[in-house]
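Examination of the molecular architecture
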Amino acid sequence: MTSTSDPSTTGSALVKRGLADMLRGGVIMDVVNPEQAKIAEDAGAVAVMALERVPSDIRRDGGVARMSDPQMIQEIQAMVTIPVMAKARIGHFAEAQILQSLDVDYIDESEVLTPADEENHIDKWSFTVPFVCGATNLGEALRRIGEGACLIRSKGEAGTGNVVEAVRHLRTINAQMRRLHSADASEIFSLAKDLQAPLALVQEVAATGKLPVPLFCAGGISTPADASLVLQLGAEAVFVGSGIFKSEDPVRMANAIVEATTHFRDAAVVAKVSTGLGAAMAGAETSSLEVRLAERGW
Amino acid sequence: MSEHGQMLSDVGADVVLVRSVEQLTGLDGLVLPGGESTAIAHLLETSGLRPAIDRSIADGLSVFGTCAGLILLSSKILDGRSDQWSFSALPVSVRRNGYGRQIASFETTVAVQGVGEVPGVFIRAPKIEAWSQEIEVLAEHDHGDGEHPVLVRYENVWGCSFHPELTGDRRVHGLFVDSL
């Protein structure tokens, strides 16, 4: 029998990215109370995002959107056994410190909340808990990874029920990665300048053709077909915000989106789960929006 | 899942990513990967794989459960959902998130019998808290509360608390594939 007394390391890049790896192929659902969290877990969600208002309500209410009440986060942690994520404002490292002290499993430094710092994002390397950040293009994704993000989600336009921005951002990130991957070594420096991203990360993407962390999709996914679409466009998992609990039948919608995510290439399965699903959330056309959340973050 | 596939193929196995019952036919071994055990259990139910895998294990199919996969194979789950089921193929009691939530997730070195030291990445890992004397303990780890098995084998069923697929070290996969 062998044993080891080696000291163990917490908060390493491998450990932080490891949890994101485990979420791949799954659905992460926004929930605003323990009952919704239970519905999400029952439907097979791989994690929940605990927040006070889903993005469509934040959009409707206006005002400053902040980190959720710790009590509400703790009630959700007590209800489910799957990972619980929570959102901090961009640059608001004190909110992130609070969320870390609550033992949340992932922090989303999110443009859905009102930014607290218009120049600096949180120094995510200084935390043990891992961070996910949104991005609309490859440069933004690599800047966030440079700051210590362990998971990137394409931003989309949260709270709209309209998948068009999610598609735009995913396609942009993928196209920029293909461009880098096919570039000559001497072109990388200039491309890094254009992307405004750390050279070492740009070189890594050029060599591997993919991000050094998993790439998920968020913002506007509201049907099983939307999930199938973004997964076929290269997303490795989906965040669904308002799309589930603003639909006519949240239990069925939650189950349907999970199943469509698992079998995203099997149109017959996606057709089956889409049948008789009731109304998806009411959507909003991008050009009619007063606030474009995706423009927050830099 | 894809990391397991890469590792298994690197050690010489032909790999199938099983999504349906038909794909179980003709397999020599099956890996139940990490992830969230409740989500995986849900998918095993909706795909009809649960009874099929149950039968295959009873018929002697070699199965290797890592992290959430270990939970799904264990005979008793502590701190699970009240309605959480398992294949009950490995006589161990496993506590979900027994090593803590994500903030307590860690990496260390684990000494595996017949292999040597391998990197062990524990992500919200399940802890084997009680085990039958009939199981073979291939590796243990002391996380400040005494030695607990982290890699075990019982006849055709293997279980592992950590994630051997997340590092470049293929030897644990090699051990399983060599046994087939």
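The following refers to the structure shown.

With 44 residues of chain B at the contact, the number on the chain A side is 41 residues. The contact between chain B and chain A buries some 3,400 Å² in all, and 53% of this surface belongs to carbon and sulfur atoms. Taken together, the links from chain B to chain A amount to 5 salt bridges. Between Asp105(A) and Arg124(B) there is a salt bridge; the shortest N-O distance is 3.1 Å. If you look at where chain B meets chain A, you find 16 residue pairs in polar contact (both at pLDDT 80 or more). When residues of the side of chain B that touches chain A are traced back to their parent elements, those giving at least two are α1 (2–10), α2 (37–46), β5 (106–112), β6 (116–122) and β8 (136–142) of chain B.

So, about the sheet that holds β6(B). To summarise the sheet geometry, strands pair through backbone hydrogen bonds and adopt either a parallel or an antiparallel arrangement. Strands sit in the order β1(A)-β5(B)-β6(B) across an open sheet of 3 strands; the sheet is antiparallel. The open sheet terminates on both sides in strands that have one partner only, identified here as β1 (9–10) of chain A together with β6 of chain B. As defined by bridge partners, β1(A) adjoins β5(B) across 2 bridges and the pair is classed as antiparallel. Bridged to Thr10(A) within β5(B) is Phe106(B). Against the sheet, helix α1 (residues 13–23) of chain A engages β1 of chain A together with β5 and β6 of chain B, with an angle of about 95° to β5(B).

Here the focus is the pairing of strand β4 (residues 84–89) of chain A. Residue and element names in this part refer to chain A. Among the 6 residues of β4, 6 are classified as buried, and the element is accordingly described as predominantly covered. By the bridge criterion, 5 bridges tie β4 to strand β5 (residues 106–110) in an arrangement that is parallel. Residue pairing for β5: Lys87 is matched across the bridge by Asp108.

The next point concerns the packing of aromatic side chains. Summed over all chains, the structure comprises 10 aromatic pairs over all chains. For the pair Phe127(A) and Phe131(A), a centre-to-centre distance of 5.2 Å together with 70° between the ring planes defines the contact as edge-to-face. In this structure, Phe127(A) and Phe131(A) share a single accessibility class: buried. Aromatic pair Phe216(A) and Phe239(A): ring centres 6.2 Å apart, planes at 50°, arrangement tilted. On the criterion of sequence distance, the pair formed by Phe216(A) in strand β8 (residues 215–217) and Phe239(A) in strand β9 (residues 238–240) is long-range, its members being 23 residues apart. Taken individually, Phe216(A) and Phe239(A) each receive the classification buried, so the pair is uniform in this respect. Three or more aromatic residues joined by ring pairs form one cluster here, namely Tyr99(B), Phe106(B), Phe122(B) and Phe162(B). The ring of Trp85(B) has Arg50(B) lying over it, and the distance from NZ or CZ to the ring centre is 3.9 Å. Cation over ring: Lys127(B) sits above Tyr99(B), and NZ or CZ is 4.7 Å from the ring centre.

Residues and elements named next belong to chain A. Mapped onto the fold, Glu111 is located in the loop between β5 and β6 (131–135). With relative accessibility at 2%, the residue Glu111 sits in the buried group. Setting aside anything within four residues of it in sequence, one finds Glu111 in contact with Ile90, Gly134, Arg153, Lys155, Leu293, Ala294 and Arg296.

What follows is about unusual backbone geometry. With a phi close to 55°, Gln196(A) is a non-glycine residue in the positive phi region. Residue position: Gln196(A) is located in the loop between α8 (188–195) and α9 (199–208). A positive phi angle, close to 55°, is found at Glu155(B), a residue other than glycine. In this structure Glu155(B) comes out as exposed when scored by relative accessible area, which is 57%.

With respect to the helices and strands, the residue Val152(B) is situated in strand β9 (residues 147–154). In contact with Val152(B), not counting residues within four places along its chain, are Leu90(B), Ile128(B), Ile135(B), Glu136(B), Val137(B), Leu138(B), Val157(B), Trp158(B) and Gly159(B).

Taken together, the side chains of Glu35(A), Glu52(A), Asp69(A) and Glu75(A) define an acidic patch exposed on the protein surface. Considering the arrangement of structural elements, one finds Asp69(A) in the loop between α3 (55–61) and α4 (70–79).

Take helix α5 (residues 93–101) of chain A next. All names here are of chain A. Buried within α5 are the following residues: Glu95, Ala96, Leu99 and Gln100. The buried residues of α5 occupy an angular sector of 140° when the element is viewed end-on, so they sit on one face. Residues of α5 that are buried in the fold lie against α4, β4, β5 and β6.

Calculation rules
Residues numbered from 1 in each chain as written. Chains lettered and ligands numbered in written order. Predicted model: local features only at pLDDT ≥ 70, side-chain atom pairs only at ≥ 80, totals over all residues. Heavy atoms only, no water. Contact = heavy atoms within 4.5 Å. Buried area = accessible area lost by both parts, 1.4 Å probe. Salt bridge = Lys/Arg side-chain N within 4 Å of Asp/Glu carboxyl O. Polar contact = N/O pair within 3.5 Å; in protein donor to acceptor, adjacent residues only side chain to side chain. Helix = DSSP H or I, 4+ residues; strand = E, 2+ residues; numbered from the N terminus. Pairing = 2+ DSSP bridges. Axes fitted to C-alpha atoms, helices over the stretch in contact; angles between N-to-C directions. Buried < 20%, exposed > 50% of the residue type's maximum accessible area, 1.4 Å probe, protein only. Phe/Tyr/Trp six-rings, centres within 6.5 Å; stacked < 30°, edge-to-face > 60°. Lys NZ or Arg CZ within 6 Å of the ring centre and 35° of its normal. Patch = residues over 30% accessible without salt bridge, like charges linked within 9 Å, V, L, I, M, F, W, Y side chains within 5 Å. Areas by Shrake-Rupley, 256 points an atom, 1.4 Å probe, with all protein chains shown as cover. Lys, Arg positive; Asp, Glu negative; His and termini not counted. Charge placed at Lys NZ, Arg CZ, Asp CG, Glu CD. Arc of directions from axis to C-beta.

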